[in-house]
Amino acid sequence: MKAVYASTVNHADPLAALAVGEQPEPQARPFWSTVSVRAVSVNHHDVWSLQGVGLAAEQTPMILGTDAVGILDEDIPGKHGLKAGSEVVLYTFVGTDGAGVAPGERRTILSEKYPGTMAEKTAVPSANVFAKPANLTTAEAAALGTSWLTAYSLLFDAAGIKPGDSVLIQGAGGGVSTAAIQLAHAAGLEVFVTSRDADKRAKALKLGAKAALETGARLPRKVDAVIESVGAATWGHSVRSVRPGGTIAICGATTGDQPGAELTRLFFQDIRVQGCTMGSREDFARLLRFVEHADLHPVIDSVVDGLDCAPEAFARMIAGDMFGKIVIAL
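Since the structure is predicted, the reported quantities are computational estimates derived from the model, not experimental observations.

About the cut-offs
Residues numbered from 1 in each chain as written. Predicted model: local features only at pLDDT ≥ 70, side-chain atom pairs only at ≥ 80, totals over all residues. Heavy atoms only, no water. Helix = DSSP H or I, 4+ residues; strand = E, 2+ residues; numbered from the N terminus. Rg over C-alpha atoms; globule rule 2.2 N^0.38 Å. Buried < 20%, exposed > 50% of the residue type's maximum accessible area, 1.4 Å probe, protein only. Contact = heavy atoms within 4.5 Å. Areas by Shrake-Rupley, 256 points an atom, 1.4 Å probe, with all protein chains shown as cover. Lys, Arg positive; Asp, Glu negative; His and termini not counted. Charge placed at Lys NZ, Arg CZ, Asp CG, Glu CD. Expected span 1.5 Å × (residues − 1). Core = buried A, V, L, I, M, F, W, Y, C linked by side-chain atoms within 4.5 Å. Polar contact = N/O pair within 3.5 Å; in protein donor to acceptor, adjacent residues only side chain to side chain. Axes fitted to C-alpha atoms, helices over the stretch in contact; angles between N-to-C directions. Parallel < 35°, antiparallel > 145°, perpendicular 65-115°, else oblique. Left-handed = near helix turned anticlockwise from the far one by under 90°. Nonpolar A, V, L, I, M, F, W, Y, C, P; charged D, E, K, R; others polar. Domains from an automatic or database assignment. Buried area = accessible area lost by both parts, 1.4 Å probe. Salt bridge = Lys/Arg side-chain N within 4 Å of Asp/Glu carboxyl O.

1. Quick word on the overall build of the protein chain
Summing up its helical and strand segments, the protein chain has nine helices and 18 strands in all. Expected size for 330 residues packed as a compact globule is a radius of gyration near 20 Å; at 19 Å, the protein chain falls within 12% of this value. If one aligns the C-alpha atoms of the protein chain with their principal axes, the spans along those axes are about 55 × 45 × 40 Å. Burial statistics for the protein chain: of 330 residues in total, 56% are counted as buried. The contacts in the protein chain between residues at least 6 apart in sequence include a share of 70% that link residues at least 24 apart. About 13600 Å² of surface is accessible on the protein chain, with carbon and sulfur atoms providing 52% of the total. A gap of 7 Å separates the mean positions of the 29 positive and 35 negative side-chain charges of the protein chain.

2. Details of helix α4 (residues 175-186)
Here α4 spans 17 Å end to end across twelve residues, near enough to the 16 Å set by a 1.5 Å rise per residue. Within α4, ten of the twelve residues are buried, leaving the element largely enclosed by the surrounding structure. Taken together, the buried positions of α4 are occupied by G175, V176, S177, T178, A179, A180, I181, Q182, L183 and A184. For α4, the elements touching its buried residues are α3 (144-158), β11 (166-169), β12 (190-194), α5 (198-207), α8 (281-293) and β18 (325-329). The positive-phi residue at the C-terminal boundary of α4 is G188, with phi of around 85°.

3. Side note on the environment of S153
Tracing the backbone shows S153 in helix α3. As a C-alpha pair, S153 and G98 span 55 residues in sequence and 21 Å in three-dimensional space. If we skip the residues at most four places from it in the chain, S153 touches A158, C276, M278, G279 and D283.

4. Focus: the nonpolar core
Residues W148, L155, V167, L183 and F284 are the most contacted members of the largest nonpolar core, which totals 53 residues. Contributions of two or more residues to this core are made by α2 (138-141), α3, β11, α4, β12, α5, β14 (223-228) and α8. No other element matches α3, which puts eight residues into this core. The contacts of L183, once residues within four sequence positions are left out, are W148, A151, Y152, L155, F156, L287, F290 and L296. Formed by 37 residues, the second largest nonpolar core is a distinct cluster that contains L50, L64, F314 and M322.

5. Remarks on the side chain of H237
On the secondary structure map, H237 appears in helix α6 (residues 235-241). When its relative accessible area of 6% is taken as the criterion, H237 is described as buried. In this structure the side chain of H237 is engaged in a polar contact, spanning 3.0 Å, whose partner is the side chain of Q170. In this view, H237 contacts L168, Q170, T194, G216, A217 and L219; residues no more than four positions away in its chain are not counted.

6. A short note on the packing of α3 against α4
How two helices pack is summed up by the angle between their axes together with the distance between the axes. Direction vectors running N to C along α3 and α4 enclose 55°, while the axes themselves pass 8 Å from each other. In this view, α3 runs oblique relative to α4, as classed from their interaxial angle. The handedness of the crossing between α3 and α4 comes out as right-handed. Here α3 contributes S147, W148, T150, A151, Y152, L154, L155 and F156 to the contact with α4, which in turn contributes G175, V176, A179, A180, Q182, L183 and A184. Considering only residue class, the contact of α3 with α4 consists of eleven nonpolar, four polar and no charged.

7. Description of the domain arrangement of the protein chain
Considered domain by domain, the protein chain is made up of domain 1 (2-144 + 298-329) and domain 2 (148-275). When each unit is reduced to the centre of its C-alpha atoms, the spacing between domain 1 and domain 2 is 27 Å. Roughly 1000 Å² is buried in total at the junction of domain 1 and domain 2, and carbon and sulfur atoms are behind 70% of that figure. Of all residues in domain 1, L144, V299 and F323 give up the largest surface area on contact with domain 2, accounting jointly for 47% of the area buried on that side. At the boundary of domain 1 and domain 2, one finds zero salt bridges. Put simply, domain 1 and domain 2 have five residue pairs in polar contact (both at pLDDT 80 or more) between them. Looking at side-chain class alone, the side of domain 1 that touches domain 2 contains seven nonpolar, three polar and one charged residues.

Quick look at the structure:
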């Protein structure tokens, strides 16, 4: 089958490690299900894999991709309504609870130990297969598994914020930050957003942000929580923008992971820092219900047609030239 994969790893030039070609189809295994993929989105995790973060050269070739929407190939016994031919979305953490693997297996995301989703077919533990929300297009549903799940978990688990609270979302434009704006607004939060780009700030306001400011600008008041995925470029601003006793929830560091820690401010103001990688299967189920009930639609920056266009999609991701998700349609 055709797939997009890491042929090796290359920290300096990740695109040089990217390949499109034939890879083996998933093999049948107990308590796993195979899906014919219809769309996948590109995530920073895919770029990090090409750079050798979480993926060693000896593990390549490795099919990339950490989310997907597709058609279920075979019935899932005992799971009501999920029959062959159903449109499904995938939860792509493996090893969190023993579903489909030996109990106690270390948690991994597809494309780390098991082949990912950027292929004509992919496989996940059957417990990880969910019906696609009926209100979403195929491209929109492709955004849920990584960016939207991460945003949901950052807001409602890691940060623990509630309707009526305020939140600062750093770096408008990326998949996680865009999802966080939409989810936070739908949940009744007061949303502040930053971006260096005026056009991205304007788009964030249309999604429901109360205010969109230049990166590093002083907020009208301190917020209950900060959603941080940018890293070194915004960390100091995040620490200064959260109220005493508030939380900074972090899921990434696209501008570097070695900022000044500002430990004095953290301990003196009782600021909590909470890391987050995607979320639980239960979070994913709740997210799907929320998206459908509130009729939320992930922002899609662009859709490229076919796996052969993956290098173009990855180049846009690396350049940061997008607002919302970049999707590859099969």
